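One-letter residues, chain by chain:
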Amino acid sequence: MTQELHPAIARAAGMGVALQVHGAVAVVQLRRPAKRNALNDGLIEGLRDVFAHLPAGVGAAVIHGEGEHFCAGLDLSELQERDAGEGVLHSRRWHVALDAIAYGPVPVVAALHGAVVGGGLELACAAHVRVADASAFYALPEGTRGIFVGGGGSVRIPKLIGVARMTDMMLTGRVYNAADGERLGFAQYLEPAGGALDKALALAAKIATNAPLTNFALTQALPRIAEQPADHGYLMEALVSGVAQAAPEAKARVQAFLAGKAPKVKKA
Ligand code: 1HE
């Protein structure tokens, strides 16, 4: 794809967040391997800007980390310099950046390997699909560092594994391995070591072929509907469903199935 990228993308690359576009898939890489991709303010800003300015034509994104680990979480060297007020604002900046992923223009697949810890786990949980390889491990060392999650983890993580498990992880420093992580719901896919990125790219390429309104409904509407009281949720569902099925693309896809030209669902 040859097109002018937004100037913020080049700035993000300078801060350690690189974007490449493969067909309809944006590949976003954390590039700070010497510090295990620990998230300093520059990386957080870079993530926010990249996901806010994905090029036109992108239908899905993959996020992954360079080196031996996905992400070591918050850059602890920056923490020492913040007072309480600055800490609140810092956390709010993480919320904006991670919401740019969770509620951005396209579904995001996270490819996880090595450490997926602290703010790195919060980042992973902002994605819509997580693919881990056998080297992945999950922890919330905030508890033992005397701090708390600040990147939306207290909202997102209990939705995946429950309040009790998150509490235990933070109180005891418990580390889950890759197999546990898949069983508990951190990752929806588990691949052999070294296999997460290829699988994530394949899934993203497939996701990018969905009708855009379906992807929009899944990333923007579903998480909100799931949080609503049932009667509000049913109404919102009916509205989204009505809009999606009225789109010409939906009609064409249904027609293709009825004409025997679209694949059937195969037994798993
Ligand atoms: C770091 C960080 C970091 C590594 N901030 N510098 N997160 C944590 O508490 C996790 C802390 N990190 C670790 O437990 C380990 O580094 C890892 C398990 C991730 C990787 O271990 P390893 O043996 O591969 O690497 P390393 O030798 O520990 O680290 C390499 C370098 O990265 C080293 O610096 P160097 O200058 O001595 O080479 C480390 O100091 C540096 N490094 N992790 C700063 N996190 C929005 S609130 C979120 C709150 C949190 O995320 S708290 C949890 C923070």
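1. Overview of the packing of aromatic side chains
Counted under the stated rule, the structure contains one aromatic pair. Measuring from centroid to centroid gives 4.8 Å for Tyr138 and Phe186, while their planes differ by 20 degrees, and the two rings are stacked. With Tyr138 in strand β7 (residues 137–139) and Phe186 in the loop between α9 (178–184) and β9 (189–191), this residue pair connects regions lying 48 residues apart in the sequence. Under the relative-accessibility criterion, Tyr138 is labelled buried at 0%. Looking at Phe186, the relative accessible area reads 0%, which means it is buried. Over the aromatic face of Tyr103 sits the side chain of Arg224, whose NZ or CZ is 3.8 Å from the ring centroid.

2. What to know about the sheet that holds β9
The strand order across the open sheet built from six strands is β1-β2-β3-β4-β6-β9, with neighbouring strands paired in mixed fashion. Every other strand in the sheet has two partners, leaving β1 (17–22) and β9 as the edge strands with one partner each. The mean inter-strand angle of the sheet, taken between neighbouring strand axes irrespective of direction, is 20 degrees. Bridge count for strand β2 (residues 25–30) against strand β3 (residues 60–65) is six bridges, and the pairing is parallel. Among the inter-strand pairings, Leu30 is bridged to a residue of β3, identified as Gly65.

3. Comments concerning helix α4 (residues 84–102)
Its 19 residues give α4 an end-to-end C-alpha distance of 27 Å, which sits within 8% of 27 Å, the value for a rise of 1.5 Å per residue. At its buried positions, α4 is contacted by α2 (41–52), β4 (108–112), α5 (119–126), α7 (153–161) and α11 (212–227). Of the residues that open α4, the one with a side-chain oxygen 3.2 Å from the backbone nitrogen of Gly85 is Asp83.

4. A closer look at the site of the ligand
Taken together, the neighbourhood of the ligand is formed by 22 residues, with Lys35, Ala72, Leu74, Gly119 and Arg145 sitting nearest. Interatomic distance of 2.6 Å between a side-chain N/O atom of Arg145 and an oxygen atom of the ligand. In isolation the ligand offers 1,000 Å² of accessible surface; the protein chains occlude 65% of this area. Where the shell around the ligand is concerned, the elements lending two or more residues are β5 (115–117), α5 and α6 (142–145). Here the shell around the ligand is composed, by residue class, of ten nonpolar, six polar and six charged.

5. Section: the side chain of Thr219
Assignment of secondary structure puts Thr219 in helix α11. Classification of Thr219 by relative accessible area gives buried; the value is 3%. In this view, Thr219 contacts Ala102, Tyr103, Val106, Pro107 and His128; residues no more than four positions away in its chain are not counted.

6. Some words on the domain arrangement of the protein chain
Structurally, the protein chain comprises domain 1 (7–207) and domain 2 (212–258). With nine residues of domain 1 at the interface, the matching set in domain 2 holds six residues. A combined buried area of about 560 Å² lies between domain 1 and domain 2, and 50% of that area is made up of carbon and sulfur atoms. Contact with domain 2 buries surface across domain 1, with Tyr103, Pro107 and Lys159 losing the most and accounting together for 67% of the total. For the pair domain 1 and domain 2, the interface holds one salt bridge. Residue Glu227 pairs with Lys159 through a salt bridge whose shortest N-O separation is 3.5 Å. Here domain 1 and domain 2 share four residue pairs in polar contact (both at pLDDT 80 or more) between them.

7. Comments concerning the state of the cysteines
Evaluated as defined, the whole model comprises zero disulfides. Note on Cys125: no disulfide assigned, nearest cysteine sulfur contributed by Cys71 at a separation of 12 Å.

8. Quick notes on the confidence of the model for the protein chain
Here the protein chain shows a mean pLDDT of 96. Residues at 70 or above account for 99%. Across the protein chain, the secondary-structure element scoring lowest on mean pLDDT is helix α3 (residues 76–79), at 91, and the one scoring highest is β4, at 99.

9. Some thoughts on the nonpolar core
Counting 52 residues, the largest nonpolar core has Leu39, Leu47, Phe51, Leu121, Leu123, Tyr138 and Phe186 as its most contacted members. Looking at which element gives the most residues to this core, the answer is α4, with six residues. Ignoring sequence-local partners within four residues, the contact set of Phe51 consists of Val28, Ala61, Ile63, Ala100, Ile101, Pro105 and Val108. With 13 residues, the next largest nonpolar core counts Val27, Val62, Ala200 and Leu203 among its residues.

The rules behind these values
- Residues numbered from 1 in each chain as written.
- Predicted model: local features only at pLDDT ≥ 70, side-chain atom pairs only at ≥ 80, totals over all residues.
- Heavy atoms only, no water.
- Phe/Tyr/Trp six-rings, centres within 6.5 Å; stacked < 30°, edge-to-face > 60°.
- Helix = DSSP H or I, 4+ residues; strand = E, 2+ residues; numbered from the N terminus.
- Buried < 20%, exposed > 50% of the residue type's maximum accessible area, 1.4 Å probe, protein only.
- Lys NZ or Arg CZ within 6 Å of the ring centre and 35° of its normal.
- Pairing = 2+ DSSP bridges.
- Axes fitted to C-alpha atoms, helices over the stretch in contact; angles between N-to-C directions.
- Expected span 1.5 Å × (residues − 1).
- Contact = heavy atoms within 4.5 Å.
- Polar contact = N/O pair within 3.5 Å; in protein donor to acceptor, adjacent residues only side chain to side chain.
- Near = heavy atom within 4 Å.
- Areas by Shrake-Rupley, 256 points an atom, 1.4 Å probe, with all protein chains shown as cover.
- Nonpolar A, V, L, I, M, F, W, Y, C, P; charged D, E, K, R; others polar.
- Domains from an automatic or database assignment.
- Buried area = accessible area lost by both parts, 1.4 Å probe.
- Salt bridge = Lys/Arg side-chain N within 4 Å of Asp/Glu carboxyl O.
- Disulfide = S-S within 2.5 Å.
- pLDDT = per-residue confidence, 0-100.
- Core = buried A, V, L, I, M, F, W, Y, C linked by side-chain atoms within 4.5 Å.

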